[in-house]
Every structure is written in structure tokens, then in C-alpha cells.
Amino acid sequence: RRVALVLVDTQGAWDSRMSSFQAGALLGMAASLSATVVVNVAGRIDETVIEQLDYFTSFAGAVLGGAGGHGAVARAATPFQRLVLLVRDWEYYEDGWGLAQCREQATKH
């Protein structure tokens, strides 16, 4: 069985140079082509991140809904099968904490 891997890097999609429509279109198209979407979030997941997720998943759903029932895109049950939220640069850990302490702190947030 042959498998293809396509990596779509949408770095800067939500920066000040792109409009919400442009960012949503880019991320929505990437999501509609993907089995797994990884959202890289700095610091923590806040209301802005949730709004952006809602925007681009809605856009991806609209892209798939407009497929007219034809082709591989129309056969997809959802815009993507898995959404992974990667929170980096987490600021709530203390130096010297073990894995158990870090997991407990992450669960609280």
C-alpha cells in the first residue's frame, strides 16, 4: 500500500498581515484536505483561539458542503478526522517538576 504525506504549513495565518477571511480560507482549505490538523498554540488556549478554530472549521465544512456529492472530498464525513491542539511555551510549570506534577498542572488549566 502506498501512502502520501503532504505537510501544509500555515505559519502566520492569524498574524496582522492577513485578514480573518484570508486566514480562514487558507486554514479551511488545508483542513478540508487533511486527515489530521495540528493547531500550534502559544501559551494557552483562550477565547480567541476557540473563535479561530470555529471560523476555520466552519469554512472547511462549507468547502466540503459545496462539493456537490462528487469525488473524494464529498465522501469525507467531516472536514478532518482528528484535531490536535499543541500548546507550546506553557508558562505554568515550575523548574524541577516531574511528569506527574506537570500533568496535574495541565489538567487544572
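So, here's what we can say about the structure.

About the criteria used
Residues numbered from 1 in each chain as written. Predicted model: local features only at pLDDT ≥ 70, side-chain atom pairs only at ≥ 80, totals over all residues. Heavy atoms only, no water. Helix = DSSP H or I, 4+ residues; strand = E, 2+ residues; numbered from the N terminus. Buried < 20%, exposed > 50% of the residue type's maximum accessible area, 1.4 Å probe, protein only. Contact = heavy atoms within 4.5 Å. Salt bridge = Lys/Arg side-chain N within 4 Å of Asp/Glu carboxyl O. Patch = residues over 30% accessible without salt bridge, like charges linked within 9 Å, V, L, I, M, F, W, Y side chains within 5 Å. Areas by Shrake-Rupley, 256 points an atom, 1.4 Å probe, with all protein chains shown as cover. Core = buried A, V, L, I, M, F, W, Y, C linked by side-chain atoms within 4.5 Å. Pairing = 2+ DSSP bridges.

Before going further, it helps to spend a moment on the overall build of the protein chain. When helices and strands are tallied, the protein chain shows 4 helices and 2 strands. What you see in the protein chain, going N to C, is helices and strands ordered as α-β-α-α-β-α. Scored against the burial criterion, the 109 residues of the protein chain give a buried share of 20%. Taking all contacts inside the protein chain whose residues are at least 6 apart in sequence as the whole, residues at least 24 apart take part in 62%.

Here the focus is the pattern of salt bridges. By the definition in use, this model includes 1 salt bridge. Residue Arg-88 pairs with Asp-89 through a salt bridge whose shortest N-O separation is 2.7 Å. Exposure remark for Arg-88: the relative accessible area of 35% places this residue in the partly exposed category. Here Asp-89 falls in the exposed class, since its relative accessible area comes to 54%.

Here we come to a nonpolar patch on the surface. A surface patch of nonpolar side chains, about 300 Å² in accessible area, is lined by Ile-45, Ile-50, Leu-83 and Leu-85. Here Leu-85 shows up in strand 2 (residues 82-88). Using a relative accessible area of 36% as the deciding quantity, one classes Leu-85 as partly exposed.

This brings us to the environment of Thr-36. Mapped onto the elements, Thr-36 comes out in strand 1 (residues 36-42). Between the alpha carbons of Thr-36 and Val-84 there is a distance of 7.4 Å; along the sequence they are 48 residues apart. Ignoring sequence-local partners within four residues, the contact set of Thr-36 consists of Arg-82 and Val-84.

For soluble globular proteins, nonpolar side chains are generally found buried alongside one another. Of all hydrophobic cores here, the largest spans 11 residues; its members are Ala-13, Ala-23, Leu-27, Ala-31, Val-37, Val-39, Val-41, Val-49, Leu-53, Phe-56 and Ala-60. Of all the secondary-structure elements, those providing two or more residues to this core are helix 1 (20-32), strand 1 and helix 2 (47-65). A per-element tally of this core places helix 2 first, with 4 residues.

Here we take up the pairing of strand 1. Residues Val-37, Val-39 and Val-41 of strand 1 are buried on one face, while the alternating residues Thr-36, Val-38, Asn-40 and Ala-42, pointing to the opposite face, are not. Where strand 1 lies against strand 2, 7 bridges are found, and the strand directions are parallel. In the sheet register, Asn-40 faces strand 2, and the bridge partner there is Leu-86.

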